[in-house]
Amino acid sequence: MKRWRKALIAASVGAAASAALVAIPARADTFSLVVDYSCTGGVAGSAEVKLRARVQIPTTVQQGGMLKLGWAIEHVNAPRFKSPDYYAEGAKVSLIGNVKLDGAWNGTLEAHGSEDQGALKPNQPLTSPEGMSSEAHMTETGVIKLRPQAMTVDFVPPAGEIVVNNDDPRVIYRNAWTHDTATRPEYGDWLRDVHTTTTRTDEAIIRFRGTGFEYIGREMPDVGRVRVIIDGVDGHDDSAIVDPTKDGNGNPTNATKGNISLWERKDLSYGQHTLRIRSIDDGKPVHLDAFKLHTREMIDPPTEHRSTCVITNNPGAVEITVGGASSPTPSGTPTVTDDPTDDPTDDPTSTPSGTPTTSGSATPTTSQGQPIGDHVGVVIGGVTTVSPSATPTTTVTKTVKPQVVKTPKGGVDTGEAPERPESGSYGLIAGGSLLLMGSATGGLLLRRRRAAHAGGANR
């Protein structure tokens, strides 16, 4: 009878241990903070562009590893960032997100993302990056608090040059200019057309953003001089007189050559400029073939296109405890210990206590969609806690009570050796389950035996 009783107890203990293992919740891989931004100035123009960022923060960081943050960016409403001018293919929209780190690692962690643009026109919607990323090497253990900060949006124009033909709408003509749409092929004019005036003080004007320009016209005998004026400065260093009757070496020319760079400036600061081509000599023709506009490569994005994005919600903060690299016990794993002083009267079929609960605001969420409140604590290599700013905390603890076979005080020594501790919980569960089945079968046989002894099996 004692053996059957032990078998029943072992089976019950195995069932309890198995139930405890199944009840352990899966640990989230990341936390997600939702951050709303309002962007103004620069490529946002006069409108307010609203962005939403979902910052994914990992929960498994060890000393010597990398803390990697992923940002997913989306527009909240219709206004978009817009191109400030005409640009060739190759411009970029660049986003920089900032996260402040305090504690074991102090400083600002920048996340970068960029998106290439096609050929652009003024006020054309720009394509914004859909994501950003950043990372930092965790060299020390300890607690780090992460809190999102403001974000910036930059527009980087493409380096290079573009040709604006004389019939482009960007070129404004004042007074008596005429358009020759089919010039002689041997002249070599750009696109075989030119604008011409013979009236003194007539002007052709173009406004552009860049760092330089070239005035493209004709070299030929018996034509008028031209004054080139940049940014409205006349009679100073930014004004020059061009004589198209001479070649690049200053010698008189006796042939007509189109598509010639008559004057250039490539040292302007980046920004918007106004270029004027003015006729000086009355009665002599002046020709405009095209403008070639230059933008040199810039190390830093121009500040005039920068939009500043401020946070409009309260995303909260995340605390991460960077654990030691040799930590053997992951978060949420049950701990099994042997305690020789356990009371033998404890119910072996009882289940572990500690059902996790969650409270806090609904803005920050885990990757499983659970709200985590204004303040999130992630303990790596230990217990995961979720703590809103009002100080309530949530602690998830899973402990499996040890199952130790003991002889009660005053009992009869059976001479049986105790179970080897290294056999593990799986041996206990399997053995207990087999013993439970044997107990049930033995009980039926014992009952039939008693019935037969009392007067027959059919009684």
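Relevant structure appears above.
Residues numbered from 1 in each chain as written. Predicted model: local features only at pLDDT ≥ 70, side-chain atom pairs only at ≥ 80, totals over all residues. Heavy atoms only, no water.

Q: For this particular structure, what's the right way to read the pattern of salt bridges?
A: For side chains bearing opposite charge, pairing can occur when the charged atoms are close. Applying the stated criterion to the full structure yields 14 salt bridges. A salt bridge links Arg-170 to Asp-168; the shortest N-O distance between them is 3.1 Å. Residue Asp-189 is joined to Arg-218 by a salt bridge in which the shortest nitrogen-to-oxygen separation is 2.7 Å. Taken together, the residues Asp-189 in the loop between β10 (178–180) and β11 (194–197) and Arg-218 in strand β13 (residues 212–219) connect sequence positions 29 residues apart. Among the residues examined, Asp-189 registers a relative accessible area of 6% and is labelled buried. Because the salt bridges share partners, they merge into one network encompassing Arg-174, Glu-203, Arg-276 and Arg-278. (Salt bridge = Lys/Arg side-chain N within 4 Å of Asp/Glu carboxyl O. Helix = DSSP H or I, 4+ residues; strand = E, 2+ residues; numbered from the N terminus. Buried < 20%, exposed > 50% of the residue type's maximum accessible area, 1.4 Å probe, protein only.)

Q: Can you help me understand the state of the cysteines in this one?
A: In protein chemistry, a disulfide is the covalent bond that joins the sulfur atoms of two cysteines. Inspection of every chain in the model, using the stated rule, returns one disulfide. Paired by a disulfide, Cys-39 and Cys-309 hold their sulfur atoms 2.0 Å apart. Measuring handedness by torsion sign, the sulfur bridge of Cys-39 and Cys-309 sits at about 110° and is right-handed. Here Cys-39 is found in strand β1 (residues 30–40), whereas its partner Cys-309 is found in strand β20 (residues 307–311), with 270 residues between them in sequence. Per residue, the accessibility class of Cys-39 equals that of Cys-309, and both read buried. (Disulfide = S-S within 2.5 Å.)

Q: Explain the environment of Thr-245 here, please?
A: Counting through the fold element by element, Thr-245 comes out in the loop between β15 (239–242) and β16 (257–265). Using a relative accessible area of 19% as the deciding quantity, one classes Thr-245 as buried. Considering only alpha carbons, one finds Thr-245 and Thr-256, eleven residues apart in sequence, at a separation of 9.4 Å. Beyond its immediate sequence surroundings of up to four residues, Thr-245 is in contact with Met-220, Pro-221, Asp-222, Val-223, Asn-251, Pro-252 and Thr-253. (Contact = heavy atoms within 4.5 Å.)

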